[in-house]
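These are the residues of each chain, in order.
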Amino acid sequence: MAEKKKYSYIKYPYSRAGWISFVLGILSALMTVTVVIQAVRSSGNTGIFLASVGFSAVVFDIMGIVFSLLSLSEKEKNHLFAWIGGGLSLLSLALWAVIVLV
């Protein structure tokens, strides 16, 4: 009986820093949405806990961008999750900039 051939549709493995960037991007986006929803519900009267969650979201955004850039410097790796994580982090950070400036 003939042996079955195995095909890999992913040419390069995903980069580790890209996975970290992806997770940080999702976490920061979820924290940002949570803080915005709670701030709207309470008419802007949020406590110190939500302020600390917002600050953590900004820190996670910056870390996500850094890990995304580190991932893009890795050679012969798939950078899909780095692009997605970096995009989420940039979008969330831009939302925080709009919130602070307005």
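Read on for a plain summary of the structure. (Residues numbered from 1 in each chain as written. Predicted model: local features only at pLDDT ≥ 70, side-chain atom pairs only at ≥ 80, totals over all residues. Heavy atoms only, no water.)

All right, on to the nonpolar core then. Met-31, Val-35, Leu-50, Val-53, Ala-57 and Trp-96 together form the largest nonpolar core, which totals 6 residues. Where this core is concerned, the elements lending two or more residues are helix H1 (16–41) and helix H2 (48–72). For this core, the element with the most residues is H2, which contributes 3 residues. When neighbours within four sequence positions are excluded, Ala-57 is seen to be in contact with Ser-28, Met-31, Thr-32 and Trp-96. (Core = buried A, V, L, I, M, F, W, Y, C linked by side-chain atoms within 4.5 Å. Buried < 20%, exposed > 50% of the residue type's maximum accessible area, 1.4 Å probe, protein only. Helix = DSSP H or I, 4+ residues; strand = E, 2+ residues; numbered from the N terminus. Contact = heavy atoms within 4.5 Å.)

Summarising the element assignment, Ser-73 is placed in the loop between H2 and helix H3 (80–101). For Ser-73, a relative accessible area of 48% translates into the label partly exposed. Along the primary structure Ser-73 and Ala-17 are separated by 56 residues, whereas in three dimensions their C-alpha atoms are 9.9 Å apart.

Time to look at H3. Over its 22 residues, H3 runs 32 Å from end to end, which matches the ideal 32 Å to within 8%, given 1.5 Å per residue. For H3, the set of buried residues is Phe-81, Ala-82, Gly-85, Gly-86, Ser-89, Ser-92 and Trp-96. In a view along the axis of H3, the buried residues occupy a sector of 135 degrees, so they form one face of it. Opposite the buried face of H3, by more than 90 degrees, sit the exposed residues Trp-83, Leu-90, Leu-91 and Leu-101. Residues of H3 that are buried make contact with H1 and H2. (Expected span 1.5 Å × (residues − 1). Arc of directions from axis to C-beta.)

Attention shifts here to a nonpolar patch on the surface. On the surface, Val-36, Val-40, Leu-95, Val-98, Ile-99, Val-100, Leu-101 and Val-102 cluster together into a nonpolar patch covering about 800 Å² of accessible area. Listed by contribution, the elements that provide at least two residues to the nonpolar patch are H1 and H3. Broken down by element, the nonpolar patch gets its largest block of residues, 5 residues, from H3. Tracing the chain through its elements places Val-36 in helix H1. (Patch = residues over 30% accessible without salt bridge, like charges linked within 9 Å, V, L, I, M, F, W, Y side chains within 5 Å. Areas by Shrake-Rupley, 256 points an atom, 1.4 Å probe, with all protein chains shown as cover. Salt bridge = Lys/Arg side-chain N within 4 Å of Asp/Glu carboxyl O.)

Take unusual backbone geometry next. Unusually for a residue other than glycine, Glu-76 sits at a positive phi of about 55 degrees. Within the secondary structure layout, Glu-76 lies in the loop between H2 and H3. Exposure remark for Glu-76: the relative accessible area of 59% places this residue in the exposed category.

Let us look at H2. In this model H2 runs 36 Å from its N-terminal to its C-terminal C-alpha over 25 residues, within 8% of the 36 Å that 1.5 Å per residue would give. Regarding H2, the residues found buried are Leu-50, Val-53, Gly-54, Ala-57, Asp-61, Gly-64, Ile-65, Ser-68 and Ser-71. Buried residues along H2 sit against H1 and H3.

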